[in-house]
Amino acid sequence: MRYRHRTTLTLALGVVLLVDVLRVFLPAVITIFGQAASTPAELLGAFALGWFVLALAAPALVRRVGARPVTLVAAVLLVAARLAVTGQPGGRLQLWLATAGLLAGLVWLAGVAAATDRPVPGLALGLAFGAILHTALDTYRLGFLGSWQSWLAAGLVGGLFLAGQTRPAPPAGPGGVRSWLLAGPALLLAGMVALSPAVARTATTYQFGLLRSHPGDEVGVATVPLLGPAPVAVAVGGFLLAALASPRQGAWRWLAPAALVAGAVLFALERGELLLPAVLLAAAGLGGCLASAGAADGRDAPAAGSTEGAEATAAAGFAVVDDTADPGRAASRRAYAVVAGMLLFAVAAVLYYAAYDLGHPNAGVPVAVAVLAAAVALAARPAVGPVPSSPPPVRTAAVATALALVAAIASDELLSASNRDGPPDTVRVAAYNVRMGFGTDGRFDPDALARAVAGADVVALSEVDRGWLLNGGHDTLDLLAERLDMPYVFAPAADPLWGDAVLSRWPLDGARTRPLPAVGAPTGAQALGVTVDLGDGVRLAVVATHLQPPPGQGPVVQARAVADFALRYAAGRPLVVAGDLNTEPGDPAFAEFTRAGLVDALAAARPLPTSPADDPRQQIDHVFVTPDLGVGDPVAPLGTASDHLPVAVTLSLPPA
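## Quick word on the packing of aromatic side chains
Argument step 1. Under the criterion given, the structure shown has 18 aromatic pairs.
Argument step 2. On the basis of an interplanar angle of 15° and a centroid distance of 5.9 Å, the ring pair of Trp468 and Trp498 is categorised as stacked. Highlighted residues: Trp468 in the loop between β3 (458-465) and α20 (476-484) and Trp498 in strand β5 (residues 498-504), separated in sequence by 30 residues.
Argument step 3. Members of the aromatic cluster, each reached through a chain of ring pairs, are Phe267, Tyr352, Tyr353, Tyr356, Trp468 and Trp498.
Argument step 4. In this arrangement the basic side chain of Arg466 is found over the ring face of Phe490, its NZ or CZ atom lying 5.3 Å from the centre.

Okay, structure coming up:
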């Protein structure tokens, strides 16, 4: 294998490992180091950022010790931490193992950057490989599986990665600063939108779902799609084709930056029907911006003593530094560039996701990162001729597209309602706040979530995450729905990727969603109404919600709004209102439901605390029903698959 191709593949494998560790580290900060909504967001952010700030010392270490020994040691530590995370898929030890892996990965990046001036092919392939692997795993992360398959996959990737470190990289020129600076922003944009299979699947559930929401709704619902995550194949192919091909010149060089910014803007508008074009535009635009930066870095490698590189750099708007006479200085600049880019990744991620606790606007964060990437690409002077040392773009993109499509088809299941011979005499209804799929020990375990509501016919879910990078990029709803073999309807609350859902063994129709008054709560809340078709004209109205109380108060205003919406939606039919209501029996918000004529379906089992799951003290998860429904067997099964316990009750339908 040619030197540069081996270096490219080694870099790609390292990116896959680093991203995999990062997808464990980020949710571990939320669920193990602290508790979202109770631990101050500032403290969580400071902890996460601290390790990226610490990595700023890596370039100095590389310059003093040398790039090769630092890279080798950091690579071994990265692989060791990645394997250790597989053996420890939860608990405080997982947090520290993932933290060690993250820090080792950042130091490894600094060492690789010091010795590599042509990183774009490796970075692009690494991001694409990671997206394909994530798709094949149905958005599950290897670090949480803990099975022999995960050990085998992690060991294989880690072994190939370490094997690639055994021989030194070819001599590096003075370029590479622009490309390495974009590594962090590219990782953020790829993980948040451009190359996320969870976001791609969620986009298709809005665009091509099997159940349409009411045309009068301001916000649409998402339902089981026909195509699943298939659009990620198009995104991966477009990204690689743009990243590995020669960048456009003249007026065409504005095309990729414009596409990237447009994709980020569509994503920031937080509308489900705009997610699909956001994914496709951001993917192609991100690849094109990386290509422009990489080609310009290639121009910065003139022969020794030449002034052409310095003149080109000055024309591009950067400081003129003749690094040809000081290779060490060029290596340091690249190392600092990649660490600074990763720090930018961390700052932007913290700013974006902390907004859901602190309440500050966050829509501009991905747009600002996209604008930065576009500016770096446009500031780079266009290269002349093909990009050297790059895999063939068309062939590579075609292979990656085919692999991603196969992974998408193989990992996806078409869900259909199984109970169609109704109407039944009873219906088992459960409500569960799943905390994005993470248990009290920080483990992501959709199998445990499914066991917690096994036997239910209708399930109302709260805190459903469908692709937040902060939580690992999982589509929690799809993973749970496949395990329960139940179709779903999803309604956005905070944004199109986070909200509430209803799953049912009977067909669903008539979905409607209403945003609730914010009353100072930053996360956002909604009420989702669906109709369960039990057969022979018998229908059950179900409203799922998650109330968000304002600081220091109860969710009275939202409770009143939900009760009013639910009664109007039911229109005289039997009605169930279920979810995490953040209010206890006797509170004013609780009284809003009983005042509306609804009955506490869990009353016979009171007190029935549901939070926190490992030491339940608060009764905040509820099921309310209309008086025409009989109630039996109310329970809150013990378990720690979430920080809440589920509640379940058997409802007897009124006579036909």
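Read on for the rest.
## Description of a nonpolar patch on the surface
Argument step 1. Judged by side-chain polarity, Phe208, Leu210, Leu226, Leu227 and Leu414 come together as a nonpolar surface patch covering roughly 510 Å² of accessible area.
Argument step 2. Mapped onto the secondary structure, Leu226 falls in the loop between β1 (222-223) and α12 (231-244).

## Description of the pairing of strand β9 (residues 575-580)
A regular strand places its side chains on the two faces of the sheet in alternate fashion.
Argument step 1. With respect to burial, β9 is a largely interior element, six of its six residues being buried.
Argument step 2. Where strand β8 (residues 538-546) and β9 come together, six bridges link them in parallel fashion. Bridging across to β9, Ala544 finds its partner in Ala578.
Argument step 3. Since β8 and β9 lie parallel, the crossover through helix α21 (residues 556-570) that links them has a hand, and here it is right-handed.
Argument step 4. Note: β9 against strand β11 (residues 621-625), five bridges, orientation antiparallel. Paired with Asp580 across the strands is Asp621, a residue of β11.

## Side note on the packing of helix α2 (residues 41-54) against helix α5 (residues 92-115)
Argument step 1. Where α2 meets α5, the axes come as close as 9 Å, and the angle between the chain directions of the two elements is 30°. As for the relative orientation of α2 and α5, their crossing is right-handed in sense. Contacts between α2 and α5 involve Phe47, Trp51, Phe52 and Leu54 on the former and, on the latter, Leu95, Trp96, Thr99, Leu102, Leu103 and Leu106.
Argument step 2. Residues of the contact of α2 with α5, tallied by class, amount to nine nonpolar, one polar and no charged.

Reading the values: rules and limits
- Residues numbered from 1 in each chain as written.
- Predicted model: local features only at pLDDT ≥ 70, side-chain atom pairs only at ≥ 80, totals over all residues.
- Heavy atoms only, no water.
- Phe/Tyr/Trp six-rings, centres within 6.5 Å; stacked < 30°, edge-to-face > 60°.
- Helix = DSSP H or I, 4+ residues; strand = E, 2+ residues; numbered from the N terminus.
- Lys NZ or Arg CZ within 6 Å of the ring centre and 35° of its normal.
- Patch = residues over 30% accessible without salt bridge, like charges linked within 9 Å, V, L, I, M, F, W, Y side chains within 5 Å.
- Areas by Shrake-Rupley, 256 points an atom, 1.4 Å probe, with all protein chains shown as cover.
- Salt bridge = Lys/Arg side-chain N within 4 Å of Asp/Glu carboxyl O.
- Buried < 20%, exposed > 50% of the residue type's maximum accessible area, 1.4 Å probe, protein only.
- Pairing = 2+ DSSP bridges.
- Right-handed = clockwise from strand over helix to strand, strands pointing away.
- Axes fitted to C-alpha atoms, helices over the stretch in contact; angles between N-to-C directions.
- Left-handed = near helix turned anticlockwise from the far one by under 90°.
- Contact = heavy atoms within 4.5 Å.
- Nonpolar A, V, L, I, M, F, W, Y, C, P; charged D, E, K, R; others polar.

Function cannot be inferred from these measures alone, as they are strictly geometric.
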